[in-house]
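Each chain is listed here by its residues.
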Amino acid sequence: MHKPPAAADPPSPSNPPQHTVIAAVDLGSNSFHMIVGELRHGQLAILDRIRETVRLAEGLSAGGDISPNARARALDCLSRFGERLRDMHASNVRAAGTSTIRRAREDSTFMAEAEAALGHPIEIISGIEEARLIYNGVTHSLPPPDGLRLVMDIGGGSTELILGEAAAPKALESLHMGCVSMTERFFADGRLTRKAFEKARIAARLELRPIKAFFRGATDVEAIGTSGTIRSTETAAIALGLSESGVTLDIIEKLIDRVLEFDSIADLKLTGLSERRAQVWPGGLSILAELLGVLRIPKLKISEGALREGLLYDLLGRLQHEDARERT
C-alpha cells in the first residue's frame, strides 16, 4: 500500500502576471484530454476543454512498441492540442503521460515526436502520482466530505484507488487493469458472451484481492467515481431509466444484461452510450462491477473532476506558491 510522500513540491515556474493562461494535458491510454484556464488575480476561470479518443493502449505491443496507426492518431491529436495552446497563448503547460506511455519502450522515438507535436515537455508520471492527481481533481470539483472519501478511476490501462480525508490522500493504489486492456484481453474477438464477462470479472477480482481489506475496511466512506468508463455508465443508466444519479452494483448487473442482448461489440448500441465508448465498455463494466462488489460500495457518486483537473490545479498551486514567495 502506498502512502503519499512528505517531500517538498517540485520547483515552481516563474512568477506569473496577473492574467495568465495555463493548461493541462492528460495523455491517457484511451483518450487524450486538455483543459485550459486563465488565472485572474488569483482566481482560475476555465476557458476550454477538449477530449479526443486516441486508443493508444490498443496499439501497444507486448514488447512496448506503439503501432503506426495508434502513433499517428496520438501525434495528430497532440498537433491539434499544440495549435490550440499557441492560439490561446498558454504560458504554463503541464502534460502528463499515464499507463500506456509508462509501458512503452524507453528507446522509442515516440516521446520526442509527441513533445514536438504538442510544443511542450511531457512528463511520464507513475501510477501513484496519477492517483494523487486524480484525487486532487476530485477534491477541487466537490464540496469537502464529513469523513473519509474513496475515489476510483478506471482508465484505459490502469485503475486508481485513493482513500483520503478532506484534501489529503491517505493511501493510493494503481492497479494494472483498464477498460481497453481488459476488453482486448477478454473480448478480443468482439463477441459479447456471459462467459467472457465472467472471466473478466474474475481477473478484476484477483487484481483487487491484495488491497481489498484496506479499502473496504473503513466505515462511513463517501465513494466517488470519475473519468470515462464510470461517467459513461452513469449516463447510460440514467438514459435507460435505471438510475437518477450515481450507480450501484445492481444497476451495473442490469447494464451487463442489456449488453448481452447484443452479439458483438460492433453491434452494441445503447441510449446514452457513445459509439467510441462502446468499443471498450465491456472491459470497463467488468472492472466497475468488481470494484463495487469487492469493496462493498452501496452506491457510487460521480465527479466531473479527474486527472486533467488535478494537473491544472497542481500547476496553479505551484504558480501561486511561487507568487507568494516572491511577494514575501
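Above: the structure in question.
Below, the discussion takes up the environment of leucine 27. As for its position among the elements, leucine 27 is in strand E1 (residues 19-27). Put simply, leucine 27 and tryptophan 281 are 254 residues apart on the chain and 19 Å apart in space, counted from C-alpha to C-alpha. Apart from residues no more than four positions distant in its own chain, leucine 27 is found in contact with Phe32, Leu78, Ala96, Gly97, Thr98, Ile101 and Ile122.

What follows covers the packing of helix H5 (residues 179-186) against helix H6 (residues 194-208). It is at 10 Å that the axes of H5 and H6 come closest, and there the two elements cross at 130 degrees. Between H5 and H6, the crossing angle belongs to the class labelled oblique. The hand of the H5/H6 crossing is right-handed. Residues Met182, Arg185 and Phe186 of H5 lie in contact with H6, whose contacting residues are Ala196, Lys199, Ala200, Ala203 and Ala204. Considering only residue class, the contact of H5 with H6 consists of six nonpolar, no polar and two charged.

Turning next to H5. Looking at H5, one finds that the buried residues are Cys179, Val180, Met182, Thr183 and Phe186. On its buried side, H5 packs onto strand E6 (148-154), H6, helix H8 (228-239), helix H10 (275-278) and helix H11 (281-294).

Read across the sheet, five strands follow the order E8-E7-E6-E9-E10 without closing on themselves; strand pairing throughout is mixed. Because the sheet does not close on itself, it has two edges, and the strands there are strand E8 (168-175) and strand E10 (301-302). In the sheet, strand E9 (residues 221-226) pairs with E10 via two bridges, with the strands oriented parallel. Opposite isoleucine 224, over in E10, you have lysine 301 as the bridge partner. Its contacts with the sheet place H11 against E6 and strand E7 (159-165), and it is angled at close to 160 degrees to E6.

Before going further, it helps to examine H8. Between its terminal C-alpha atoms H8 stretches 16 Å, which fits the 16 Å expected from twelve residues at 1.5 Å a residue. Within H8 the residues assigned to the buried category are Thr229, Ile230, Ser232, Thr233, Glu234, Ala236 and Ala237. Positive backbone phi, at 75 degrees, marks glycine 241, one or two positions downstream of H8.

Before going further, it helps to spend a moment on the nonpolar core. Among the nonpolar cores identified, the biggest contains 53 residues, and Met152, Leu161, Leu268, Trp281, Leu291, Leu292 and Leu295 are the most heavily contacted of them. With near-sequence residues (within four places) excluded, leucine 291 lies in contact with Met152, Ile154, Thr159, Leu161, Leu208, Arg296 and Ile297. Judged by nonpolar contacts, the second largest core, of 30 residues, contains Ile66, Ala74, Val93 and Ala95.

In this model, histidine 89 sits at a positive phi of 55 degrees, which is unusual for a non-glycine residue. Assignment of secondary structure puts histidine 89 in the loop between helix H1 (68-87) and strand E4 (92-97). Phi at alanine 166 takes a positive value of approximately 55 degrees, unusual for a residue other than glycine. With respect to the secondary-structure elements, alanine 166 resides in the loop between E7 and E8.

A separate point is the pairing of strand E3 (residues 43-53). Where strand E2 (residues 31-40) meets E3, ten bridges bridge the pair, whose relative direction is antiparallel. Counted as the bridge partner of histidine 33 is arginine 51 from E3. With antiparallel pairing between neighbouring strands as the criterion, E2 and E3 make up a hairpin whose turn holds two residues, including histidine 41 at a positive phi of roughly 50 degrees.

About the cut-offs
Residues numbered from 1 in each chain as written. Predicted model: local features only at pLDDT ≥ 70, side-chain atom pairs only at ≥ 80, totals over all residues. Heavy atoms only, no water. Helix = DSSP H or I, 4+ residues; strand = E, 2+ residues; numbered from the N terminus. Contact = heavy atoms within 4.5 Å. Axes fitted to C-alpha atoms, helices over the stretch in contact; angles between N-to-C directions. Parallel < 35°, antiparallel > 145°, perpendicular 65-115°, else oblique. Left-handed = near helix turned anticlockwise from the far one by under 90°. Nonpolar A, V, L, I, M, F, W, Y, C, P; charged D, E, K, R; others polar. Buried < 20%, exposed > 50% of the residue type's maximum accessible area, 1.4 Å probe, protein only. Pairing = 2+ DSSP bridges. Expected span 1.5 Å × (residues − 1). Core = buried A, V, L, I, M, F, W, Y, C linked by side-chain atoms within 4.5 Å.

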